[in-house]
Amino acid sequence: MDHGSKIECKRDPEVNVAFDAVIVGSGFAGMYMLHRLRGLGFSARVYEAGGGVGGTWYWNRYPGARCDITSMQYSYSFSEELDQEWSWSEKYSPQPEILDYANHVADRFDLRSDIRFDTRVTAATFDEDAKHWSIETDQGDVVSAQFCIMAVGCLSSANLPPFEDIEKFEGLLYHTGEWPHEGVDLTGLRVGVIGTGSSAIQSIPVMAQQAKTLTVFQRTPNYAVPARNEKLDPEFERETKAGYPELREKMRARPTGFYFDFNIQPALEATAEEREKKYEEAWARGGLPFLGAFGDLLFEKDANDTIAEFGRKKIRDVVKDPATADLLCPVDVFGCKRLCVDSGYFETYNLPHVSLVDISKKPIERLTEQGIVTDGIEYPVDVIVCATGFAAMTGSFDNILITGRSGLTLTEKWQAGPRTYLGLSSQGFPNLFMITGPGSPSVLASMIQAIEQHVDWMADCMGHMRDISAQTIEPLVEYEDNWVDHVNEVSKVSLRSTCSSWYVGANVPGRPRVFMPYIGGFPIYVDKCNDVMTNGFEGFVLDGEKSNAAPRVRLTEKWRVPVDVDIISPAMIAARRVPVV
Ligand SMILES: Cc1cc2nc3c(=O)[nH]c(=O)nc-3n(C[C@H](O)[C@H](O)[C@H](O)COP(=O)(O)OP(=O)(O)OC[C@H]3O[C@@H](n4cnc5c(N)ncnc54)[C@H](O)[C@@H]3O)c2cc1C
């Protein structure tokens, strides 16, 4: 498979060098972690497998890639100057612009000098005597660090199904998450797209403009809400920037970590006409806030049935061929899988050169020299685009041999599903932090918010450890067990736990079915993290501490905001029914 242009690494390996921290990954998480650690006077080395910063936005260069949280909110909040100086061109910015932003941040905060690009961390081993981590890379580096910080991303390990005879295919084969940097000219080519998740839904309308024919192989249909993307109105930008600090504060108080109009009224208490009106209004505004049309949509199946039917009706209104429309209509819970946001996705199926193949009952059998075989039929294609997603949340951890106490590897420990305390760390792996790890809100929150909160908490924790001369921090197993149980219990109150999504690892055969992100709401989670810190890192053991001084709040102050009581969502109410342990 073509992984895109990759720069050869031409530097000497680093051997026997010690840092306070090694950070793995230079997406938004790794970059911000580096910035904060430097600010506190810690030495840090970042290793990044890619040739530049930006993570998700460095790798996912497929046509149509863009964010689905509005750009004015999907951006760092830690610097007011950055907020004011950067301008987004669109409501939902395209990938190249988000990558430009990441590069701008790297330059503005002078981050590159501490990042080693084109370098994949292969192993991290905890030395119990020296109480530090030894980190190895594929470029020959062997360095040590008190802290090892995994900023490896929740959606960064591309999932390429092991299609039989994949090596026989003579055409071009790409994964959306590893798209060639020079782009792909599909003009005049027969294109086969495998998958109909978010990346497919974003890219199909754009690829169809070039391709001679486009055949989509669909296992499960997905709901999608129109983005209503547009050029950013300068007046809106000016107003938003004038009130940015207030907006950022409001975002922190929201269950999803981003701000939008949310109606807490239950759908089941509205009449059918009222519901229809609200859905139409929310549909006209577009985007993920559509799910905020009523408060009970993700908790009551009967309520969800009403929005699901509305979503299906919209598909049937657009797609002219009734058989194709039927195939495109999902039958499961609306919003159970990550809701997709589209620009002309369903309309694309009305084009004469675009067709849909149902592989729900007869999966892809094999590839041939010329194409894709399913149900005994060969579909000839020149290019195969695998929009098959990621080994979400834990895939990039599994790719590194992480060995903790007593030789136990993290992959072994997580065999039956990830086990963490607060998604921040895992017992048996002292001083190993995970930014947006499983068990934290992560992919259920606006991720840059979630990243900033994790980094600020970790930086305050490391600052405190230095203040009291503690050498290691590690969760107590009973606190970790309680948290894992809590994450699981809370997930059951949401309809999101009821379907086969990547939230539960269902998109990759053989993975354990465990609901991985914390669904109780961002502010509840943040409260919990703050309480843990205020109570002297409750649930953690700090080894070697020479003082019992109370933790000093350096960076987490801004996360101590009251929950927005007007918007306490059913998610949060439901989560509160399950006591936060
Ligand atoms: C197509 C797409 C669209 C998205 N849109 C949104 C959105 O609209 N809103 C939202 O909130 N979130 C969105 N996300 C989620 C997105 O991943 C996060 O918002 C955010 O960019 C994650 O940043 P990160 O630094 O945690 O991880 P990443 O951006 O994934 O960065 C992780 C980095 O770690 C590196 N890495 C991994 N393993 C190793 C290793 N062993 N050695 C060295 N380097 C390693 C990777 O190369 C990568 O560069 C989207 C994700 C995708 C895939």
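Rules behind the numbers
Residues numbered from 1 in each chain as written. Predicted model: local features only at pLDDT ≥ 70, side-chain atom pairs only at ≥ 80, totals over all residues. Heavy atoms only, no water. Core = buried A, V, L, I, M, F, W, Y, C linked by side-chain atoms within 4.5 Å. Buried < 20%, exposed > 50% of the residue type's maximum accessible area, 1.4 Å probe, protein only. Helix = DSSP H or I, 4+ residues; strand = E, 2+ residues; numbered from the N terminus. Contact = heavy atoms within 4.5 Å. Pairing = 2+ DSSP bridges. Axes fitted to C-alpha atoms, helices over the stretch in contact; angles between N-to-C directions. Disulfide = S-S within 2.5 Å. Parallel < 35°, antiparallel > 145°, perpendicular 65-115°, else oblique. Left-handed = near helix turned anticlockwise from the far one by under 90°. Nonpolar A, V, L, I, M, F, W, Y, C, P; charged D, E, K, R; others polar. Near = heavy atom within 4 Å. Polar contact = N/O pair within 3.5 Å; in protein donor to acceptor, adjacent residues only side chain to side chain. Phe/Tyr/Trp six-rings, centres within 6.5 Å; stacked < 30°, edge-to-face > 60°. Patch = residues over 30% accessible without salt bridge, like charges linked within 9 Å, V, L, I, M, F, W, Y side chains within 5 Å. Areas by Shrake-Rupley, 256 points an atom, 1.4 Å probe, with all protein chains shown as cover. Salt bridge = Lys/Arg side-chain N within 4 Å of Asp/Glu carboxyl O. Lys, Arg positive; Asp, Glu negative; His and termini not counted. Charge placed at Lys NZ, Arg CZ, Asp CG, Glu CD. pLDDT = per-residue confidence, 0-100. Arc of directions from axis to C-beta. Expected span 1.5 Å × (residues − 1).

**Thoughts on the nonpolar core**
(1) Moving on: Counting 113 residues, the largest nonpolar core has F28, Y76, I149 and W457 as its most contacted members.
(2) Moving on: Looking at this core element by element, the count peaks at 10 residues for helix α14 (residues 447–467).
(3) Moving on: Those residues in contact with I149 that lie beyond four places of it in its chain are A21, V22, I23, V24, M33, L37, F433, I435, M458 and M462.
(4) Moving on: Within the second largest apolar cluster, 31 residues are counted, among which are A200, I201, V216 and A325.

**A word on the sheet that holds strand β7 (residues 172–175)**
(1) Moving on: As summarised here, the arrangement of the 5 strands in space is β7-β16-β8-β9-β12, forming an open sheet in which the pairing is parallel. Lying at the two open borders of the sheet, with one neighbouring strand each, are β7 and β12 (354–358). For this sheet, the mean angle separating the axes of adjacent strands, direction not counted, is 20°.
(2) Moving on: Sheet topology places strand β9 (residues 213–218) next to β12; 5 bridges connect them, and they run parallel. In the sheet register, F217 faces β12, and the bridge partner there is V357.
(3) Moving on: Along the sheet, helix α5 (residues 198–210) makes contact with β8 (190–194), β9, β12 and β16 (383–386), crossing β9 at roughly 160°.

**Side note on the state of the cysteines**
(1) Moving on: Counting across every chain of the model gives 1 disulfide.
(2) Moving on: The residue that forms a disulfide with C336 is C499, at a sulfur-sulfur distance of 2.3 Å. Taking the torsion about the S-S bond as the criterion, the C336 to C499 disulfide, at about -115°, is left-handed. On the criterion of sequence distance, the pair formed by C336 in the loop between α10 (322–328) and β11 (340–342) and C499 in the loop between α15 (477–492) and α16 (522–534) is long-range, its members being 163 residues apart. Taken as a pair, C336 and C499 share a single burial class, namely buried.
(3) Moving on: The closest cysteine sulfur to the non-disulfide-bonded C154 is located on C529, 15 Å from its own sulfur.
(4) Moving on: Cysteine C340 shares no disulfide, and the gap to the nearest cysteine sulfur, in C499, comes to 12 Å.

**Concerning the packing of helix α8 (residues 272–285) against helix α9 (residues 301–318)**
(1) Moving on: With their axes 11 Å apart at the nearest point, α8 and α9 run at an angle of 55° to one another. Considering the angle they form, α8 stands oblique to α9. Note on packing geometry: the crossing formed by α8 with α9 is right-handed. Between α8 and α9, the residues in contact are R275, E276, Y279, E280 and W283 and A303, T306, I307, F310, K313 and K314, respectively.
(2) Moving on: Residues that form the contact of α8 with α9 fall into these classes: 5 nonpolar, 1 polar and 5 charged.

**Here's the deal with the site of the ligand**
(1) Moving on: Surrounding the ligand, one finds 32 residues, the nearest of these being E48, T56, D68, Y74 and M447.
(2) Moving on: In this structure, an oxygen atom belonging to the ligand sits 2.9 Å away from a main-chain N or O atom of A29.
(3) Moving on: Between the ligand and Y74 there is a distance of 2.5 Å, counted from an oxygen atom to a side-chain nitrogen or oxygen.
(4) Moving on: Counting only elements with at least two residues in the shell around the ligand, the list comes to α1 (28–39), α2 (56–59) and α14.
(5) Moving on: Looking at the shell around the ligand, the element that brings in the most residues is α2, giving 3 residues.

**Here we look at the packing of aromatic side chains**
(1) Moving on: Tallying each qualifying case throughout the model produces 40 aromatic pairs.
(2) Moving on: When the ring of F28 is compared with that of Y74, the centres are 6.1 Å apart and the planes differ by 85°; the resulting orientation is edge-to-face. Residue F28 is located in helix α1, and its partner Y74 is located in the loop between α2 and α3 (80–85); the two are separated by 46 residues in the primary sequence.
(3) Moving on: Here F28 falls in the buried class, since its relative accessible area comes to 6%.
(4) Moving on: For Y74, a relative accessible area of 12% puts it in the buried group.
(5) Moving on: Both rings, one in Y345 and one in Y349, keep their centres 5.2 Å apart while their planes meet at 85°; by these two values the pair is edge-to-face.
(6) Moving on: Judged by its relative accessible area of 1%, Y345 falls in the buried class.

**Things to note about the pairing of β16**
(1) Moving on: The alternating pattern of β16 places V383 and V385 and I384 and C386 on opposite faces, both of which are buried.
(2) Moving on: Here 4 bridges tie β7 to β16, and the two strands are oriented parallel to one another. Its bridge partner being in β16, L173 is matched across the sheet by I384.
(3) Moving on: Summarising the sheet, β8 and β16 pair through 4 bridges and their orientation is parallel. Within β16, the residue paired with V191 across the bridge is V383.

**Quick word on a negative patch on the surface**
(1) Moving on: A grouping of E80, E81, E246 and E249 is seen on the molecular surface, where their side chains present a negatively charged patch.
(2) Moving on: The topology assignment puts E81 in helix α3.
(3) Moving on: A residue is classified by how much of its surface remains accessible, and E81, at 49% relative accessible area, is partly exposed.

**What about the environment of Y479?**
(1) Moving on: By the element assignment, Y479 lies in helix α15.
(2) Moving on: Separated by 57 residues in the primary sequence, Y479 and L422 place their C-alpha atoms 9.3 Å from one another.
(3) Moving on: In this view, Y479 contacts Y421, E538 and G539; residues no more than four positions away in its chain are not counted.

**Examining the confidence of the model for the protein chain**
(1) Moving on: Mean pLDDT for the protein chain: 93, with 95% of residues reaching 70 or above.
(2) Moving on: Counting interchain partners and residues more than four positions distant, the pLDDT-below-50 stretch residues 1–7 has 20 contacts.
(3) Moving on: Contacts for the low-pLDDT stretch residues 577–581, under 50 throughout, to residues beyond four places or in other chains number 14 contacts.

**With respect to helix α6 (residues 234–242)**
(1) Moving on: Buried within α6 we find E237, T240 and K241. Taken end-on, α6 shows its buried residues confined to a sector of 95°, consistent with a single buried face.
(2) Moving on: Elements in contact with the buried residues of α6: α3 and α7 (244–252).

**Description of helix α4 (residues 95–108)**
(1) Moving on: Its 14 residues place the ends of α4 20 Å apart at the C-alpha level, agreeing with the 20 Å of an ideal helix rising 1.5 Å per residue.
(2) Moving on: Residues of α4 that are buried include every one of Q95, E97, I98, L99, Y101, A102, V105 and A106, and no others.
(3) Moving on: In this structure, the buried residues of α4 make contact with α1, α2 and α3.
(4) Moving on: Just downstream of α4, D110 is the residue with a positive phi angle, here 50°.

**Some points on the pattern of salt bridges**
(1) Moving on: Counted by the stated rule, this structure contains 32 salt bridges.
(2) Moving on: With a closest N to O distance of 3.5 Å, R36 and D456 form a salt bridge. Separated by 420 residues along the polypeptide, R36 in helix α1 and D456 in helix α14 bring together distant segments of the chain. Comparing R36 with D456, the two get one shared label, buried.

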